[in-house]
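Remarks on the overall topology
Here are the chains, one letter per residue:
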Amino acid sequence: MRFLTAEATKLRGVRGPILASWQRSRDLKVAADKIEMSHVDDLDVDTRLTTSAEPVLRALREQLDGQPVSVILTDPAGVVLRRLTADADLERHLDSVLLAPGFSYAEECVGTNGIGTALEMGGPAHVFGHEHYAENLEDLACAGVPIHHPISGRTVGAIDLTCWRKDAGSLLLTLAKTTAEQIRQALLADTGASQLGLFQEYLRTCHRMSGAVFALNSDVVMLNDYARTVLDPADQASLLAQATEALAHGHRGPIAVQLPTGMTAHMYCRPVRNSLQPPGVVVHVKLGEPESTQIGGRDVVSRMLLPGLVGSAPPWLRACHEVETAFRSGEWLAVEGEPGIGKLALLAAVQLRRQPVGRFLVLDAEDAGANPHWLTAVRRALEDTDSVVVRHVDRLDGRRLRALSSALQDGNGANHDRPLWVAVTLGHTTKSKDLLRLLQLFPTTVEVPPLRLRLEDLQQLVPFFLARLSHGGQLACSPEAMRLLMRLSWPGNAEQVHQMLHQVVTHRRTGYIQPDDLPPEARAVSRRRLSPLESLERDAIVQSLLDANGSKVEAARSLEMSRATIYRKIHEYGIVPPIT
C-alpha cells in the first residue's frame, strides 16, 4: 500500500473519510498484509438487538436470494453476531478473512472496512476494493451503517452488506441505510408501550426540571444521576416507597416527606397511564434544607456546595469555582491532583449541577493496556456523549497518547447536537512531550488541593461520609476522635478518610465514634504512603501501645523489640501514643 510509505499530502484521489481511517489504522499499527484475530468464545448472540433484527435480516436474505451479497449484523464493538449469505463462494471467502460470527471487524483489528469505519465515524461508510486497509479484503466491497437505539440514541450495533468488488453497485449503501432504519423501528416496536410512555415522560421531566427525578411502575425504576448522587440510599428507598403509595392512591402532590437523613423533600407526582399496561408515575423531588440531626447536641449534617460534595476551605472552593467556570464556558479542562483527592467527583458534581440530564461518560486510561478496544470506546463516546472524562491520562504510553490526541481532535471537529465537553484527570507527574502535546487541547488546568492543606474540611467530610456509610443512622464522631483525625496528614486524601470510616462502621453503627473505635493508622501521622509491610509494622506497634496503656517499655517487650528501636519507629511512623 503506497500510503504506508508516502506522505498523506501526496495521496491524490483518496476520499477524505478513507484517508482518515487509513491514518487511524496506521496509528494503531494494524497489519496490512494479514488478518489475524482471536475468536470471542463467550459471545452473547441472544440480545435484544438480534431478536429485533432477525425478521428484518431474514426478509432481506429472501429478497437477495441467489445474489452474491452477505448480510452481517454486529454489536457496538464490531463483533459479528449474525451473517446470512446466499452465495457459497462468497461464504467461503468471508470465512477465510474471518468476517464471521465471533470475530471483530473494528478498525483496530482489521483497519479500514465498512463495519469498523462506520462505527468509528458514527455514520454510514462504504469501502470498495483497494480502499480497504488490509490487502486480503481488496476483492470485496462493503457498506456499513451504525444502528442507533430509538430512545437513547446510543449505538447498539451495525448492519453491513458485503459483496464482491466487481458486483458492487451504487445502491449498496442505500440498502444498508434502509435496513438499519428497519431494525431501529423493530427495536422501537419491541419496547413495551408502557415503558416507552413512562420513559418519554421521564425524559420530558428531566429536561424541564432540575434536581432529582425518578420514575417507576411495577416493572421498572429509573433515577436520574442527580438523584443517585445526591440522595442517600436510605432516602432513595423512602422516596420510592412514598411514590409507590402515591401511585396506588392516585396522589399528584405535593407530598412532604421527612427523609431518614433529616432532609425534607417535596414530591410532585405525574401519573402515566395506559389501558393495556400497568400504570406508572414520574416524580420530581424538591429538597429542602436539612433539619439538624443531632446526637448529644452535635450537628452531623453538612451543607453541600455541589451535589455530593462538601467542604468550605478557600483552596477547595477556588478549585470548585474554576472547574464550574470552565464547564459553563464549554472550555475543555485538565484537572490535576494527588490520588484520592476527588478530581472525578468534582467533575461529576459540576456536570450534575449545570447539566443534570446530559450524558456523562467516564473512561479510564488505566484500562487501555488490557482492553484492545479502548480507543474505539473513546471515539464512540466522543460521538455519542455530551460530556466525556478520561481519567489517569498521564498513565498512557506515548503511542496511546498520540492516538488519543488524534481522536480528541477528530471529535472536536465533528458535528454534535450539543457542544462536546471533554476533561482529563492526571496526577502530579513529570510530563512527557506527548502528554504536553495532548494537554495543548485543554486550555485550562485546575489543581485540586490535597486534604492536608485544607484539614478544616474534615469537620464536614467526616459527618458527610458517616451519614452515607451508616445509611442515615445515628452515628457521629466524638471530639476526642476528631482531634486524632485532625492530626493526620492524609496522604490518601478524601478516599483514605472514606476507607477508614468504612472500617469503623463495620463495628460501630450508632452513638459516638471514640478513639478506640479508630483503626491503628489513625494514631500515626505519616507524611507518605507506607508500603504494606510498613503498614503492618505500624499497626502492630500501635496495637501494642494500646494494649500496654501507652507504656513504650511494655509495648517493646511484647514485640520483642528494643526500647531504642520502638522509640525510633514511633518517631519514624509519627505514632501518637495513647495518653495513660
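Notes on the structure in this doc start here. (Residues numbered from 1 in each chain as written. Predicted model: local features only at pLDDT ≥ 70, side-chain atom pairs only at ≥ 80, totals over all residues. Heavy atoms only, no water.)

1. Looking at the nonpolar core
We apply this condition: We define the nonpolar core as a collection of buried residues of types Ala, Val, Leu, Ile, Met, Phe, Trp, Tyr and Cys that are connected through side-chain atoms lying within 4.5 Å of one another. Using a 1.4 Å probe on the protein chains alone, a residue whose accessible area is under 20% of its type maximum counts as buried, one over 50% counts as exposed, and one in between counts as partly exposed. Contacts are residue-level and defined by heavy atoms, with any inter-residue pair within 4.5 Å sufficient.
Of all hydrophobic cores here, the largest spans 48 residues; its most connected members are Leu-333, Leu-347 and Val-393. Setting aside anything within four residues of it in sequence, one finds Leu-347 in contact with Val-323, Leu-333, Val-335, Phe-360, Val-389, Trp-421, Ala-423 and Thr-425. Membership of the second largest hydrophobic core comes to 27 residues, among which are Leu-458, Ala-481, Val-505 and Ile-513.

2. Here we look at the packing of aromatic side chains
Just so we agree on the cut-off: Here the aromatic set is Phe, Tyr and Trp, taking the six-membered ring for Trp, and pairing holds for ring centres within 6.5 Å; pairs whose planes are under 30 degrees apart are stacked, those over 60 apart are edge-to-face, and all others are tilted. The helix count covers DSSP runs of H or I at least four residues long, the strand count covers runs of E at least two residues long, and both are numbered beginning at the N terminus.
Scanning all chains against the criterion turns up four aromatic pairs. With centroids separated by 4.6 Å and ring planes inclined at 75°, the aromatic side chains of Phe-327 and Trp-421 adopt a geometry described as edge-to-face. Here the residue Phe-327 occupies a position in helix α10 (residues 314-329), and Trp-421 occupies one in strand β16 (residues 421-426), the gap between them amounting to 94 residues. The two residues Phe-327 and Trp-421 agree in class, both being buried.

3. Quick look at helix α5 (residues 114-121)
Counting buried residues in α5 gives seven out of eight residues, a clear majority hidden from the surface. The complete set of buried residues in α5 reads Gly-114, Ile-115, Gly-116, Thr-117, Ala-118, Leu-119 and Glu-120. Of the residues trailing α5, Gly-122 is marked for its positive phi of about 75°.

4. Here we look at the pattern of salt bridges
Just so we agree on the cut-off: Criterion for a salt bridge: a side-chain nitrogen of Lys or Arg within 4 Å of a carboxyl oxygen of Asp or Glu.
All told, the structure shown has 27 salt bridges when counted by the stated rule. Close ionic contact of Glu-36 with Lys-34 constitutes a salt bridge, the shortest N to O distance being 3.9 Å. For Lys-34, a relative accessible area of 43% puts it in the partly exposed group. With its nearest N and O atoms 3.0 Å apart, the salt bridge here joins Arg-379 to Asp-410. Residue Arg-379 is found in helix α12 (residues 374-384), and its partner Asp-410 is found in helix α13 (residues 398-413); the two are separated by 31 residues along the sequence. Several salt bridges share partner residues, and in doing so they unite Glu-201, Arg-204, Arg-208 and Arg-270 into one network.

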